[in-house]
Amino acid sequence: MANTKSNNLKMLLIERISHTDDEALLQQCLQVLAVETEKGRESHEGDEIVEHQTVAGQMHAPLSDKRLLMNSALGIQMKEAAAEEPAALPQSSAALTQSSAAQPQDPAAHAADGTGAVAEDKGRRIKGKGSGWTVGALLGMLAIAAGTALLSPFWGNADHDGNQKTVAADYCTFTVADVQFNMVRVEGGTFTMGALPNELPEADSDESPAHQVTLSSYYIGETEVTQQLWKAVMGSTVQAADGDRHPMKNVSWDDCVQFVEKLSAMTGQPFTLPTEAQWEFAARGGLGSHNYLYAGSNNVDDVAWYSANSWDKGKGNPGFGNHEVATKAPNELGLYDMSGNVWEWCLDSYGKYTTEPQTDPKGIEGKKTSFKVNRGGSWDYIANSSRTSNRRNRTPDFRNFNLGLRLALPDGQYK
């Protein structure tokens, strides 16, 4: 009930922010929205209302993606844009993003369950101090953002012909109700899990300490589970209707467990979700890893759909939203979208790292209500969330439009 009341209040604030031209009222609404957003973080509330929030809140947040993108447009351009009427903004720019007005807090300050797990929304959390903005500056930035969205072409792979290109060296193909999908073999080995030296400047505290992990060989999905495959197995797409080749979304960890159990029964193969260690090893490129920041490159735009090339385009733009799988470059193993597009559930319950070496870890032994790991970032989160060592956690019943899954299959049990 408390979350419902909070969301209702947020929606009222957001509506007022969208339409008011009174500077004092705008500042008051932004401040109250910041408080309510921080309350949501502390109570493990997810980002369920993100689709309905306006660009104004994130423009107000220091170092947000949109504010960083607009920094170069300040000054003379800002003065010119501020003179434009708010009504001139297209509808597609009126509902761009969730508020990031709340200042970040140390993860230790967040509420925790009995296992010490914390529910953090680190994707949009960026270091910085708050600052006040006049209504003219806010409207100016909104106008510039709108112009950027209108002028930006559809962001995609120009050579993509609609057919997925399999470049993996070792994989197997499965067919369910005429829907094919590939599982790529990952040769086992030992790697360093957690933030590497090149990642430490941007890493969160839960990505350390880095530690040695040894994994047995396994298979992992070449792409995220598509809506087409989910429908072939489950008979519906659970409030998702982007297209057959788009990643499945709006599915909880509990939903995913049911999916892999049913898929296993249909195929006779012991499918599962990847463990967090399996996910990171595969995202890094396995034994052929170049230790890139993202899954396949140090340039996030090469391999990931994330906020700057998706969310920031605004509703109504064809580049807004998640994208068909395998339309960005693959990583060293031939895996697609392990950075960006949608967050991916892992099998593990969330826990803190230790320095102790591990072999085939499955995370902490958690209760059904403990937090489960999400990896990879998504199309509406900043680039930092798409790093291969970045972690997030949610409760098993949590669903959202930016959260999906990828399959795994133990090599020794593959039939």
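Refer to the structure printed above.
About the criteria used
Along each chain, numbering runs from 1 in the same order as the chain's sequence is written. Since the coordinates come from a predicted model, pLDDT governs what is reported: local features require at least 70, and pairs of side-chain atoms require 80 or more to be given and counted, while whole-chain, interface and lining totals use all residues. Based on all heavy atoms of the structure, the side-chain values leave hydrogens and waters out of the count. Segments assigned H or I by DSSP are reported as helices when at least four residues long, segments assigned E as strands when at least two residues long, and all are numbered from the N terminus. Contacts between residues were defined by any pair of non-hydrogen atoms, one from each residue, lying within 4.5 Å. Each accessible area is a Shrake-Rupley estimate made with a 1.4 Å probe; only the visible protein chains count as cover when residues are assessed. Relative accessibility under 20% of the residue-type maximum defines a buried residue, over 50% an exposed one, and the middle range a partly exposed one, all with a 1.4 Å probe and only protein chains included. When DSSP finds two or more bridges between two strands, those strands count as paired. Only C-alpha atoms enter the line fits that serve as axes; for helices the fit covers just the stretch in contact. Angles between N-to-C directions range over 0 to 180 degrees. Polar contacts, as counted here, are pairs of nitrogen or oxygen atoms within 3.5 Å of one another; within protein the pair requires one atom able to donate a hydrogen and one able to accept it, and residues that are adjacent in sequence qualify only if both atoms are side-chain atoms. By salt bridge we mean one thing: a side-chain nitrogen of Lys or Arg within 4 Å of a carboxyl oxygen of Asp or Glu. Comment on the angle field: the value is read as roughly parallel under 35 degrees, roughly antiparallel over 145, roughly perpendicular from 65 to 115, and oblique elsewhere. Left-handed describes a crossing in which the near helix is turned anticlockwise from the far one by less than a right angle; the clockwise case is right-handed. Residue type decides the class: Asp, Glu, Lys and Arg count as charged, Ala, Val, Leu, Ile, Met, Phe, Trp, Tyr, Cys and Pro as nonpolar, and the leftover types, Gly among them, as polar. One fewer than the residue count of a helix, multiplied by 1.5 Å, yields its expected span. Side-chain rings of Phe, Tyr and Trp (the six-membered ring for Trp) are treated as a pair once their centres are within 6.5 Å; stacked means planes under 30 degrees apart, edge-to-face means over 60, and tilted covers the remaining angles. Two conditions define a charge located above a ring, namely a distance within 6 Å from the ring centre to NZ of Lys or CZ of Arg, and an angle within 35 degrees of the ring normal. Take the buried Ala, Val, Leu, Ile, Met, Phe, Trp, Tyr and Cys residues and link them wherever side-chain atoms come within 4.5 Å; each set so joined is a nonpolar core.

A. Main features of the overall build of the protein chain. A tally of regular secondary structure across the protein chain gives 10 helices and 11 strands. Taking the contacts inside the protein chain whose residues are at least 6 apart along the sequence as the reference set, 76% of them involve residues at least 24 apart. Entry remark: accessible area of the protein chain is about 17200 Å², with carbon and sulfur atoms responsible for 52%.

B. Focus on the pairing of strand β3 (residues 189-193). A one-sided burial pattern is seen for β3, the buried positions being G189, F191 and M193 and the unburied ones T190 and T192. Pairing geometry for β3 and strand β4 (residues 211-215), over five bridges, is antiparallel. Among the inter-strand pairings, T192 is bridged to a residue of β4, identified as Q212.

C. Spatial organisation of the sheet that holds β3. Taken together, three strands build an open sheet; the order of strands is β3-β4-β7 and the sheet is mixed. Single-partner strands in this sheet number two, and they are β3 and β7 (358-359). Packing against the sheet, helix α9 (residues 276-284) makes contact with β3 and β4, and its axis sits at approximately 95° to β3.

D. Here's a closer look at the side chain of S339. Relative to the helices and strands, S339 is located in the loop between α10 (300-303) and β6 (343-349). A relative accessible area of 1% means that S339 is categorised as buried. One polar contact links the side chain of S339 to the main-chain carbonyl oxygen of S386, over a distance of 2.8 Å. Excluding its chain neighbours within four sequence positions, the residues that come into contact with S339 are Y294, A295, V303, A304, W305, G376 and S386.

E. Structural view of the pattern of salt bridges. In the structure shown here, the tally under the stated rule is 11 salt bridges. Among the salt bridges present, the one from R284 reaches E280, with a minimum N-O distance of 3.1 Å. Taken together, the residues R284 and E280, both in helix α9 and four residues apart, mark about one turn of the helix. In this pair, the class of R284 matches that of E280, namely buried. The salt bridge partner of E280 is R375, with a shortest N-O separation of 2.7 Å. Linking E280 in helix α9 with R375 in strand β8 (residues 372-375), this pair joins segments that are 95 residues apart in sequence. Each of E199, E276, E280, R284, R375 and R391 takes part in one network of salt bridges that share partners.

F. The arrangement of α9 in detail. Where burial is concerned, most of α9 is hidden: nine out of the nine residues are buried. What α9 keeps buried is the set E276, A277, Q278, W279, E280, F281, A282, A283 and R284. Looking one or two places after α9, you find G285, whose phi comes out positive at around 105°.

G. Molecular detail of the environment of M183. Position of M183 among the secondary structure elements: in strand β2 (residues 179-186). Filtering out sequence-adjacent residues up to four positions away, M183 remains in contact with D170, Y171, C172, F174, Y219, I220, G221, F271, L407, A408 and L409.

H. Highlighting the packing of helix α7 (residues 227-234) against helix α8 (residues 253-267). In contact at an axis separation of 9 Å, α7 and α8 are set at 70° when each is read in the N-to-C sense. The angle between α7 and α8 places the two elements in the roughly perpendicular class. For the element pair α7 and α8, the recorded crossing hand is left-handed. Each of L229, W230, A232, V233 and M234 in α7 lies in contact with α8, whose residues at this interface are D255, C256, Q258, F259, K262, L263 and M266. Tallied by class, residues from the contact of α7 with α8 come to nine nonpolar, one polar and two charged.

I. The arrangement of α8 in detail. Between its terminal C-alpha atoms α8 stretches 21 Å, which fits the 21 Å expected from 15 residues at 1.5 Å a residue. When α8 is considered as a whole, its buried residues turn out to be W253, D254, D255, C256, F259, V260, L263 and S264. In this structure, the buried residues of α8 make contact with β1 (171-176), β2, α7, β6 and β8. Note on α8: the residue one or two positions beyond its end, G268, has a positive phi of about 75°.

J. Fine view of the packing of aromatic side chains. Applying the stated criterion across every chain yields a total of 11 aromatic pairs. Measuring from centroid to centroid gives 4.9 Å for F191 and F281, while their planes differ by 35°, and the two rings are tilted. Here the residue F191 occupies a position in strand β3, and F281 occupies one in helix α9, the gap between them amounting to 90 residues. Through successive ring pairs, a cluster of aromatic residues spans W311, F320, W379 and F401. Against the face of W253 rests K372, its NZ or CZ located 4.3 Å from the ring centre.

K. Main features of the nonpolar core. In this structure, F181, M183, L229, F259, L405 and L407 are the most contacted members of the largest nonpolar core, which totals 28 residues. Taken together, the elements giving at least two residues each to this core come down to β1, β2, α7, α8 and β6. The element contributing the most residues to this core is α8, with five residues. Of all hydrophobic cores here, the second largest spans 23 residues; its members include A277, L333, M338 and C346.

L. Summary view of the sheet that holds β8. In spatial order, the strands read β9-β8-β6-β10; together these four strands make up an open sheet with mixed pairing. A strand with exactly one partner marks an edge of an open sheet, and here the two such strands are β9 (392-394) and β10 (403-404). In terms of strand pairing, β8 meets β9 through three bridges, oriented antiparallel. Following the sheet pairing, K372 is matched in β9 by R394.

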